[in-house]
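# Fold and geometry: a report
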Amino acid sequence: MKNRPKKPSVVIRIRKEMKRNWQLYVIIGLPLLYLITFQFIPLLGNVLAFKDYRIKQGIWGSPWAGFKYFQQFFNSPQFKNLLSNTLLLSFGQLVLGFPLPIVLALALNEALSPKFKKVVQTVTFAPYFISVVVMVSLVNLLLDPHVGLLAHWLSQIGIEGNLLGMPQAFRPIYILSGIWQTTGYSAIIYIAALSSIDPSLYEAAAVDGATRFQRILHINIPGILPTIVVMLILESGKIMNIGFEKVFLLQNDMNMVASEIISTYVYKIGMVKAQYSFSTAIGLFNSVINAIIVVTVNKIARKVGEGGLW
Amino acid sequence: MHMTGIFNRKKKKQRIHMGMRDKTFLTIVHVYLLLTLLIILYPLVYVISASLSAPHAVISGQVWLFPVDFSLEGYIRVFQNKTFLSGLRNSFFLLFCGTLINITMTVLAAYPLSRKNFAARRPLMFIFVFFMIFTPGIVPLYMVVKDLHLINTYWALILPTALSAYYVIITRTFFESSIPSALYESARLDGASEFKILLHIVLPLSKPILAVLALMYGVTHWNSYFNALLFIDKQESFPLALVLRQILIQNTVDITSVADMKTMLEMEGMRDLLKYSMIVISSIPILILYPFVQKYFVQGMMLGAVKE
């Protein structure tokens, strides 16, 4: 019997790799240091959720609390409201906001004049650069019940009162202003994907006598489907992490019933009321649910055969 | 013969018919695009016009498209506001330093991950994706920043967001798809080190993605206020976004110094005018940046985002 050539041991292989690529390891060193400091250590810090935090004893010295804070959250009267507010807002945003950039990209792709196309693209992209603070103050100014231009118009079609303080108006305001601001930006990625479709497909379609609409259905949409799936996965990653910044600014005492979501609550409990452990527990619950959603969506995408993010 | 004649006629008819359908379709598409354009453009025009009008015109709703009683009073008053100016200064500093660090870190992470012969590439990639999905909680992050004694320093606004895994992935994809591997081989034969390859070969070929990174990170630095809310509590260190939150959202415009305000209504008008002017001024720096990078932007987004 002949001896098969042995695979070099792991240690030797690692040593060889280090010798060959040590420069690459040095280059990625700084980013890794960042990940450890500002991502990994805070991740470990989540252990706070299972501790009764005492400042003097530090995170690790504080006594264990088990699932006390999770139970406190699940049993609290706010729990159901927070969860449904978060989910309603994100799903509303996803369902109403996700298709529009695709439609805009498909429409831009059909525009006859390149100049017109460029103008529309540039203008629709611009609101993306407006900051949340400015965006919310713009909403406040336009919807001001006394002097707001939009409030004035809406009152003429029967929508009256201080919309900024109405709980039932909060979600429409949040979602519609978001659509106004990001549709043009989100469309860019689909425009890019559309431009990489093989032009010979169009020629074949023209020979077959396909209408422009049929071309969209049978060439363009299938062509950008992988991009749509990737974007859907990325968007689903935001379901539980829906923007703290904008919600927090749009909040006021009057619309709190609809506008308090998990992330704003985590901030208030943790940073304003200094209940560190309780806040961490809620945040951790939120992250776990979020991770589960992303992984599930990715799995579904792979099953349906549309690839996935990983 | 007869048959083909009918067939030809039918085909011709069909073609005309299709043409009509295309025409209707194109009309709908263009009406839709025009509507979208107007809906997005109108508020922008309105804000600019309002900021250039007289206070009484803003408050009485006379402004709806063009400035009424043109005046630069709002802008003059904004530049007399010390809090606003200090915020503006702080934000420019953050924009410059923060974005520089962001780009450096992103490139340093993306470059090794793009090299096919880098054995740690897959596990490291997994780690980046993991942290993209699993973001740290507010309290644990606050404690790390506090333990490092970064509270009330600008490092607290720069370091915790020094890189975004999402842009690392996009940049890596860009490197992979636009730097031919033959280039690496010949560079290695010449005995160039990895640092040299990155600095002298890869980066000059990567202007589009660098433009995307500069714009995206720059926008984030200019616009976000949350980290400043968490980590900064000294008024004089506030970045612009936090100053704007005080002035625009919490309504703390200081107009008491304005002596010639006779009525409540006039004060109200002045306040709104100031807000419109601040909105315009604070949005200008980023909007100025955009045309410079636009040339590369779509290209960079395209190359970076297209899946392997």
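Keep in mind it's a predicted model, so treat the numbers as computed, not measured.

### Some details on the overall build of chain B
- Helix and strand content of chain B: 14 helices and 0 strands.
- In chain B, the succession of α and β elements from N to C terminus is α-α-α-α-α-α-α-α-α-α-α-α-α-α.
- With 308 residues in all, chain B has 51% of them scored as buried.
- Within chain B, residue pairs in contact and separated by at least 24 positions form 72% of the contacts whose partners lie at least 6 positions apart.
- Carbon and sulfur atoms make up 68% of the accessible area of chain B, which totals about 15500 Å².

### Comments concerning the pattern of salt bridges
- Counting across every chain of the model gives 10 salt bridges over all chains.
- Salt-bridge contacts for Glu-260 of chain A lead to Lys-268 of chain A; the nearest nitrogen and oxygen are separated by 3.0 Å. Across the pair, Lys-268 of chain A and Glu-260 of chain A agree in class, each one buried.
- Arg-188 of chain B is the salt-bridge partner of Glu-194 of chain B, the closest N and O atoms lying 3.3 Å from each other.
- Among the residues examined, Glu-194 of chain B registers a relative accessible area of 1% and is labelled buried.

### Some thoughts on empty space enclosed by the protein
- Counting across every chain of the model gives 6 cavities of 30 Å³ or more.
- Phe-129, Ile-130, Ser-131 and Val-134 of chain A together with Trp-222, Asn-223, Leu-240, Ala-241, Leu-244, Ser-282 and Ser-283 of chain B are the residues that line the second largest cavity.
- Top element by residues in the lining of the second largest cavity is helix α13 (residues 240-249) of chain B. It accounts for 3 residues.
- Here the residues of the lining of the second largest cavity sort into 7 nonpolar, 4 polar and no charged.

### Description of the interface of chain A and chain B
- Between chain A and chain B, the contact holds 96 residues from the first and 96 residues from the second.
- Across the interface of chain A and chain B, roughly 8600 Å² is buried in total on both sides, 78% from carbon and sulfur atoms.
- Taken together, chain A and chain B are joined by 0 salt bridges.
- Scanning the region where chain A abuts chain B turns up 12 residue pairs in polar contact (both at pLDDT 80 or more).
- Here the element with the most residues in the side of chain A that touches chain B is helix α1 (residues 10-45) of chain A; it accounts for 22 residues.
- Residues belonging to the side of chain A that touches chain B are distributed by class as follows: 67 nonpolar, 24 polar and 5 charged.

Definitions and cut-offs
Residues numbered from 1 in each chain as written. Chains lettered and ligands numbered in written order. Predicted model: local features only at pLDDT ≥ 70, side-chain atom pairs only at ≥ 80, totals over all residues. Heavy atoms only, no water. Helix = DSSP H or I, 4+ residues; strand = E, 2+ residues; numbered from the N terminus. Buried < 20%, exposed > 50% of the residue type's maximum accessible area, 1.4 Å probe, protein only. Contact = heavy atoms within 4.5 Å. Areas by Shrake-Rupley, 256 points an atom, 1.4 Å probe, with all protein chains shown as cover. Salt bridge = Lys/Arg side-chain N within 4 Å of Asp/Glu carboxyl O. 1 Å grid on protein atoms, 1.4 Å probe; cavity = no way out; pocket = protein on both sides within 12 Å on 5 of 7 lines; lining within 4 Å. Points joined across faces, edges and corners; volume = space filled by probe spheres on them. Nonpolar A, V, L, I, M, F, W, Y, C, P; charged D, E, K, R; others polar. Buried area = accessible area lost by both parts, 1.4 Å probe. Polar contact = N/O pair within 3.5 Å; in protein donor to acceptor, adjacent residues only side chain to side chain.

Scope: geometric values only; no functional claims are made or implied.
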